[in-house]
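An overview of the molecular structure
Each chain, written out:
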Amino acid sequence: MLMIPTDNSQTIAQLKVAADSAARAIPPVWPLASSVAVNPWLGQSGLTLAETAALMARVSGTPVTMPRAWYREQIASGAITEAALAAALAASRHAGKPASLAALHAAIARDTPPARAVPTVADLAAKASGIDWPGVIAERFGAWAGGYFDKGQALWAAPRGKGAYAAWQAVATHDLTPEIAGLTGFGAFVADAPERAAEALADAVSGLQLPPAALETYFHSLLVTLGGWAHVARYELWQAELAGRSDETITDFLTIRLLWEQALLDRYSAQIGHAWLAAMAEHELPVEPDEDMIVDAILQEAAERAGQAALANTLGAPVAGFEREPAVLQAAFCIDVRSEVFRRALESLDRRIQTLGFAGFFGLTASHKRFASDVAEHRLPVLLNAGLTSRTGGEGATHARHTARAARAWGRFKLAAVSSFAFVEAAGPIYIGKLIKDALGLKANPAPRDPKPFADPAPDAATRIGMAASILGAMSLTTDFAPLVLLIGHGANVVNNPHASGLHCGACGGYSGEVNARLLAGLLNDPLVRAGLLDRGIVIPAATLFVPALHDTTTDTVTLYSKDQPSEAHREAIAQAQGWLAAAAVLTRSERALRLPRAAGDASVIKRSRDWSETRAEWALAGCKAFIAAPRARTAGRSLEGRAFLHDYVWQQDKGFGVLELIMTAPVVVASWISLQYYGSSVAPALFGGGNKLLHNVVGGIGVIEGNGGPLRAGLPWQSVHDGHKLMHEPLRLSVCIEAPREAMTAVLEKHANVRVLFENKWLHLFAIDDAGQLAWRYAGDLKWERVTDTARAQAPAEMAF
């Protein structure tokens, strides 16, 4: 029992530490308008996979690896080789691992029992009473949270200004649903609770008789029961801390959930008292993996080692007939895996075409206001703060604002509580034409065509020159400029998809990348900037023109914004580039069609973007499994199947290895979030998946629920990782391959503990590529490296491509 000492402030401080720890175990989720991939185990980066399995089993009853039968199938098919199993077993650092390969095979033959979460009071009360108390809590909490977090979807917005706990207390005091369900006096119980959340939390802990050692994992388990709403609250904390502030929303949520527990224990203590004592005792135990969890982690690493061996063989295989000539066209794409297919197709058309890979925000951390809008869109990685403000000007902004306001007013009139009924009767027939057009996919969905954006306020000349030099250096593009250089951001073109922003550029904060590309093109075309770059040793020929563009990853069309910098001298070069881009699009769509359900060729791929019934318009980043930072020559001419992030990097040009540090601490981390979100949505869809698209309803403009209530679903919808018959994302943790001296990479890891821990606990794998383009060294942990031998490359299955 937790004894409350006289110094209550000390107790509250201790509880706040435990609550904060539990809060940070929850991953954040971004709103639908700017959703980005998030590592669902962000709070567990300090644990190994097996240790995380033990924790998640306790707090949620969900796995962190695939079922044992899946690995048996992989072994039987030859996808996981005996050599990969032996290497993974040897690499495991857990004392409880099988003693031999034979013992590992014996363990593989056994099925593992499903993980069982330690029950909450609500679980125990449901078992004792037959009333679905976890469901009641999820429904009532979700109904309140949807209004509290509403981003403008609701016509009648909930009052704001109070903290989450106070806002909930004001509503729950008058909510009769719990009492109707059987929790008599719940409204009065909430009304009598302390007004301050910290005191209410302390009272609940005392009432539940929670021992100190049980607090952290019990608190964690309660936040897990809130589903995506806890993730939204964690996002509020993330954003606050990024801005140098704090936020109490997630600890308020924990307090609310504790009050439900306390009320239910008071109601059912006679029936569940002993079971509750047993549950608390389980929470007091150290979190340690059992043998099955260790075996599953070994099997997961074996699958990854087999994939890494296949990658090593692909990179090491000779490529004939891919000699390059001086470039007449250079095209810089985002490192997104979808660009790999397009880049390969484009380069195949002419030896004078060179492509590059760079993070899609193009080094500009822009907070942008679109044409006739006052909404600041943070088009930058969510790890960073905005360093530049920009907007789109142009004539007609006032008229556009009035038109937008009228459209919003009309939309609200259509949906209002009274007018909606009359509207359907009176105006319904008018929409028949629109419904038919939308149903047949006849409505065009053009690329963004805002006027040219510009920085506001504009940085001074020295700052602009420094920005240009830094970005070109990070792109490894400081010499040999082609006459035409395309800066190609990317976005998606879909309809009827609440998760559309998740298909856009993650490096641009869930927005399309044309704004950043246009800002950078304007910067690099500036004669003053080019003159200043001469002092930095960067000579951009006067004949070189930078043209921004947008790659639509759904249709593979590329829109050029050539009017931003009209040049009659480049008219023919631009026309030639457009022809190449159109031809590459056909090749790319044809390759993508092989993986898309019901796709009959490149033309059918285009139609998917306009089909409002299509749940799989594109596969986005499903299948991603490698990040390669090296000269393009290491990957050119080799099919990486749209599964690798490709970042151009020439370490010999990187004095002081500042670019290497930037790559390892920003793009690599963002790519790991993407990889692990797809991994989590595949292995634990019940907890970290977005559910079934066919059942989705948007709530508050924040996220989706399945049906008409319940917990918010964070993560990727099932249709984003599964084609209806099999997983389309192979759940493997990302392999990071960098061509750079090992000593330089080690120095980066020593400097950045938050990055190092990802590699130490194998949330990421790190490899060094040698001067011959081979995967030569594997990071073994503790700042040590081990050579990748021919035996290790033999871990790849004979028939397995990358």
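Residues numbered from 1 in each chain as written. Predicted model: local features only at pLDDT ≥ 70, side-chain atom pairs only at ≥ 80, totals over all residues. Heavy atoms only, no water.

Once that is clear, we can look at the overall build of the protein. A count of helices and strands for the protein gives 30 helices and 19 strands. For the protein, the proportion of its 802 residues judged to be buried stands at 55%. Separation of charge centres in the protein, based on 72 positive and 78 negative side chains, amounts to 5 Å. (Helix = DSSP H or I, 4+ residues; strand = E, 2+ residues; numbered from the N terminus. Buried < 20%, exposed > 50% of the residue type's maximum accessible area, 1.4 Å probe, protein only. Lys, Arg positive; Asp, Glu negative; His and termini not counted. Charge placed at Lys NZ, Arg CZ, Asp CG, Glu CD.)

Bringing the side chain of R68 into the picture now. Looking at the element boundaries, R68 is found in helix α3 (residues 68-77). At 3.4 Å, the side chain of R68 and the side chain of D292 are in polar contact. If we skip the residues at most four places from it in the chain, R68 touches A107, I108, R110, D111, T112, D292, V295, D296 and L299. (Polar contact = N/O pair within 3.5 Å; in protein donor to acceptor, adjacent residues only side chain to side chain. Contact = heavy atoms within 4.5 Å.)

Two strands pair when backbone bridges link them, and strand β18 (residues 775-781) and strand β19 (residues 784-787) are joined in this way by four bridges, in the antiparallel orientation. In the strand pairing of β19, Y779 is matched with W785. What sits between the antiparallel neighbours β18 and β19 is a turn of two residues, in which D782 has the positive phi angle 55°. (Pairing = 2+ DSSP bridges.)

Enumeration according to the criterion identifies 42 salt bridges in this entry. Through salt bridges that share partners, D20, R24 and E241 make up one connected network. (Salt bridge = Lys/Arg side-chain N within 4 Å of Asp/Glu carboxyl O.)

Let's shift gears to the environment of E641. Of note, E641 is situated in the loop between β10 (626-630) and β11 (644-648). Under the relative-accessibility criterion, E641 is labelled partly exposed at 29%. Spatially, the C-alpha atoms of E641 and V337 are 8.7 Å apart, while their sequence positions differ by 304 residues.

Attention now goes to the sheet that holds strand β4 (residues 376-379). The sheet built from four strands is open, its strands ordered β4-β3-β5-β6 with mixed pairing. At either end of the open sheet lies a strand with only one pairing partner, and these are β4 and β6 (453-455). Across the sheet, the axes of successive neighbouring strands diverge by a mean angle of 30°, strand direction being ignored. In the sheet, strand β5 (residues 388-392) pairs with β6 via three bridges, with the strands oriented antiparallel. Note that in β6 the partner of R391 across the bridge is F454. The strands that helix α21 (residues 514-524) touches are β3 (366-369), β4, β5 and β6; relative to β6, the one it contacts most, it runs at about 65°. (Axes fitted to C-alpha atoms, helices over the stretch in contact; angles between N-to-C directions.)

With that settled, the discussion passes to the sheet that holds β11. On the basis of which strands lie adjacent, the open sheet formed by six strands has the order β11-β10-β16-β17-β18-β19 and mixed pairing. What marks the edges here is a single partner per strand, and that holds for β11 and β19. Neighbour to neighbour, the strand axes of the sheet diverge by 25° on average, direction disregarded.

Residues I432, I436, L440 and L442 make up a contiguous nonpolar surface patch of roughly 410 Å² in combined accessible area. Looking at the element boundaries, L440 is found in the loop between α19 (432-439) and β6. (Patch = residues over 30% accessible without salt bridge, like charges linked within 9 Å, V, L, I, M, F, W, Y side chains within 5 Å. Areas by Shrake-Rupley, 256 points an atom, 1.4 Å probe, with all protein chains shown as cover.)

This next bit is on empty space enclosed by the protein. In total, this model carries eight cavities of 30 Å³ or more according to the counting rule given. Here the largest cavity defines a volume of roughly 90 Å³. Counting only elements with at least two residues in the lining of the largest cavity, the list comes to α12 (215-225), α13 (228-242) and α27 (685-688). The biggest single contributor to the lining of the largest cavity is α12, with three residues. Its residues assigned to classes, the lining of the largest cavity comprises 11 nonpolar, four polar and no charged. (1 Å grid on protein atoms, 1.4 Å probe; cavity = no way out; pocket = protein on both sides within 12 Å on 5 of 7 lines; lining within 4 Å. Points joined across faces, edges and corners; volume = space filled by probe spheres on them. Nonpolar A, V, L, I, M, F, W, Y, C, P; charged D, E, K, R; others polar.)

At a closest axis distance of 10 Å, the pairing of helix α20 (residues 461-474) and α21 adopts a crossing angle of 110°. Between α20 and α21, the angle falls in the class roughly perpendicular. Handedness of the α20/α21 crossing: left-handed. For the pair α20 and α21, contact is made by R464, M467, A468, I471 and L472 and by L520, L523 and L524, respectively. Class assignment of the residues belonging to the contact of α20 with α21 gives a composition of seven nonpolar, no polar and one charged. (Parallel < 35°, antiparallel > 145°, perpendicular 65-115°, else oblique. Left-handed = near helix turned anticlockwise from the far one by under 90°.)

Bringing the packing of α12 against helix α14 (residues 249-284) into the picture now. Contact geometry of α12 with α14 gives a least axis separation of 10 Å together with a crossing angle of 115°. For the element pair α12 / α14, the angle class is roughly perpendicular. In terms of crossing hand, the pair formed by α12 and α14 is right-handed. Between α12, through T217, Y218, F219, S221, L222, L223 and T225, and α14, the contact on the second element is made entirely by I250, L254, R257, L258, E261, W276 and H283.

Let us look at the nonpolar core. One finds F219, L258 and L487 to be the most contacted residues of the largest nonpolar core, which totals 202 residues. Ranked by the residues each element gives to this core, the list is headed by α14, at 15 residues. Those residues in contact with L258 that lie beyond four places of it in its chain are L201, A204, V205, L208, L210, Y218, F219 and L222. Counting 21 residues, the second largest nonpolar core, distinct from the first, contains L486, L545, L560 and A584. (Core = buried A, V, L, I, M, F, W, Y, C linked by side-chain atoms within 4.5 Å.)

So, on to unusual backbone geometry. Here the bond from D456 into P457 is cis, since omega is 5°, no more than 30 degrees from zero. Of note, Q209 is a non-glycine position whose phi angle comes to about 60°, a positive value. By the secondary structure assignment, Q209 is in the loop between α11 (197-208) and α12. Of the residues examined, Q209 reaches a relative accessible area of 38% and is grouped as partly exposed. A positive phi is found at A620, a non-glycine position, where the angle reads about 50°. Checked against the element boundaries, A620 lands in the loop between α24 (602-608) and β10. When its relative accessible area of 11% is taken as the criterion, A620 is described as buried.

Pairs of aromatic rings are described using the distance from one ring centre to the other and the angle between the two planes. For the structure on display, the rule yields 27 aromatic pairs. Each ring, one from W41 and one from W763, has its centre 5.9 Å from the other, and the planes form 20°; the classification is stacked. Remark: W763 occurs in the loop between α29 (753-760) and β17 (765-769) and W41 occurs in the loop between α1 (8-24) and α2 (49-59); sequence separation between them is 722 residues. For the residue pair W41 and W763, the accessibility class agrees, reading buried in each case. Here the guanidinium or amino end of R267 rests over the ring plane of Y268, the centre of that ring lying 4.6 Å away. (Phe/Tyr/Trp six-rings, centres within 6.5 Å; stacked < 30°, edge-to-face > 60°. Lys NZ or Arg CZ within 6 Å of the ring centre and 35° of its normal.)

Turning our attention to helix α4 (residues 82-91). Turning to α4, its buried residues are A84, L85, A87, A88 and L89. Elements that come into contact with the buried residues of α4 comprise α3, α5 (101-108) and α15 (291-316).

In short, the description is geometric, and any link to function would need to be established separately.
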